[in-house]
Amino acid sequence: MKQKLDIITKQLSILSMLLCLISCNFLSKETRAQEMEEQEKQLEQETVDDYTDNYTITPNYEHPKFKELSDAFAKQAHRFEIDACEFKYNGKSFFIGDSMEKIVEVFGEPDRKIETLDKSSLVCKYKLFKLSISFSTREKNIESFSIRMSDYRGNEDTVYRIIVFRGVPYQLDMTLNQFMELSDLNHDKLRHNVAAFYIRQKECAPSKEERIYTSIDSTPAYDSVGGGHLTLRGDFDPNVTGVIKSFYVGKETLEEIKKNW
């Protein structure tokens, strides 16, 4: 009789444990589902403003090199200016959203026209300026443009030495940190990912759901952790920056921002 009671007691104990595990697993799944639901709600509530910068860049006119670089820029045969909303070549303005006819007025006919694989964009290339301008094949207007000052050969074949970005002259052999000394821009303001630094602005937004995005191609530096095959990327190092190889300006929707975040 005692043996039967012991067996029944053990069976009840095991059953109790199983019921507890099932209950915990159910609660765990329910908790995870609730957390996922809350995250989804939070994402739905986000707007493009949550990813938008709200500062302006003020030139540092008192810097010893500012006037020298500005004077040299004014004497160049090819002068590019990239501001928040307006872009200029030799004093002629163009904007995101302009037509191809307007760009031809500013730069002349492109050397090449390349349609993207998905046929959504037509890219016009100007070899002399190292300039690429992307047009929407549907709206027939500018989606983005990039000007690549340096490549694997450096910038010896670039037809200008200085470009003006947000009113600040940038000389092609300057590092990003040297360039930032000519303004109030700093690493607390400037966002970055593993590939580049960037600004996402509210000024002249194409629509409520879009923002103008500017990428500054100077690869961010990170401290190394470990060594050999076990080397890992450590913290961002703001003291080390390279030259700016290119500038890219284009528009982004909230969906595109989240996808590339």
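Located above this text is the structure these notes cover.
What counts as what
Per chain, residues are indexed from 1 in the order of the written sequence. Only residues with pLDDT of at least 70 get local features here, since the model is predicted, and only at 80 or more are side-chain atom pairs given and counted; chain-wide, interface and lining totals rely on the full set of residues. Side-chain measures were taken over the full set of non-hydrogen atoms in the model, leaving aside hydrogen atoms and water. When DSSP finds two or more bridges between two strands, those strands count as paired. Strands are runs of DSSP state E lasting at least 2 residues, helices are runs of H or I lasting at least 4, and numbering of each runs from the N terminus. Here an axis means a line fitted to C-alpha atoms, over the contact stretch when the element is a helix, while the angle between two N-to-C directions is reported on a 0 to 180 degree scale. Pairs of residues are marked as contacts when any of their non-hydrogen atoms sit within 4.5 Å. Under the scheme applied here, a residue whose accessible area is under 20% of the maximum for its type counts as buried, over 50% as exposed, and between as partly exposed, the area being computed with a 1.4 Å probe on protein chains only. When we speak of the arc, we mean the arc of directions from the helix axis to the C-beta atoms. To count as a disulfide, a pair of cysteine sulfur atoms needs to be within 2.5 Å.

1. Some remarks on the sheet that holds strand β1 (residues 80-82)
The pairing of strands in a sheet happens through backbone hydrogen bonds and is either parallel or antiparallel.
For step 1, the next point in the chain: Judged by pairing direction, the sheet is mixed, and its five strands sit side by side in the order β3-β2-β1-β8-β9 without closing on themselves. Sheet topology places β3 (92-94) and β9 (168-171) at the edges, where each strand pairs with a single neighbour. Each strand axis lies, on average, 25° off the axis of its neighbour in the sheet, ignoring direction.
For step 2, the next point in the chain: Sheet topology note: the β1/strand β8 (residues 162-165) ladder contains two bridges and is parallel. When the sheet's bridge partners are listed, E81 is paired in β8 with V164.
For step 3, the next point in the chain: Helix α3 (residues 100-107) rests against β1, β2 (87-89) and β3 of the sheet, and its axis sits at about 155° to β3.

2. Some details on the sheet that holds strand β6 (residues 131-136)
For step 1, the next point in the chain: With antiparallel pairing, eight strands are arranged side by side in an open sheet as β4-β5-β6-β7-β15-β12-β11-β10. Each edge of the sheet is formed by a strand with only one pairing partner; in this case those strands are β4 (112-115) and β10 (191-192).
For step 2, the next point in the chain: Pairing between β10 and strand β11 (residues 197-201): two bridges, direction antiparallel. Within β11, the residue paired with H192 across the bridge is F197.

3. Observations concerning α3
For step 1, the next point in the chain: Turning to α3, its buried residues number three or more, namely M100, I103, V106 and F107. Looking down the long axis of α3, one finds its buried residues gathered within 115° of arc, a one-sided arrangement. Projecting away from the buried face of α3 at angles above 90 degrees are the exposed residues E101 and E105.
For step 2, the next point in the chain: With its phi angle positive at about 85°, G108 sits one or two positions after the end of α3.

4. Details of the state of the cysteines
For step 1, the next point in the chain: In total, this model carries one disulfide according to the counting rule given.
For step 2, the next point in the chain: Each sulfur in the disulfide pair C85 and C204 lies 2.3 Å from the other. Across the S-S bond of C85 and C204 the torsion is about -100°, and the bridge reads as left-handed. Taken as a pair, C85 in the loop between β1 and β2 and C204 in the loop between β11 and β12 (210-216) lie far apart in primary sequence, 119 residues in all.

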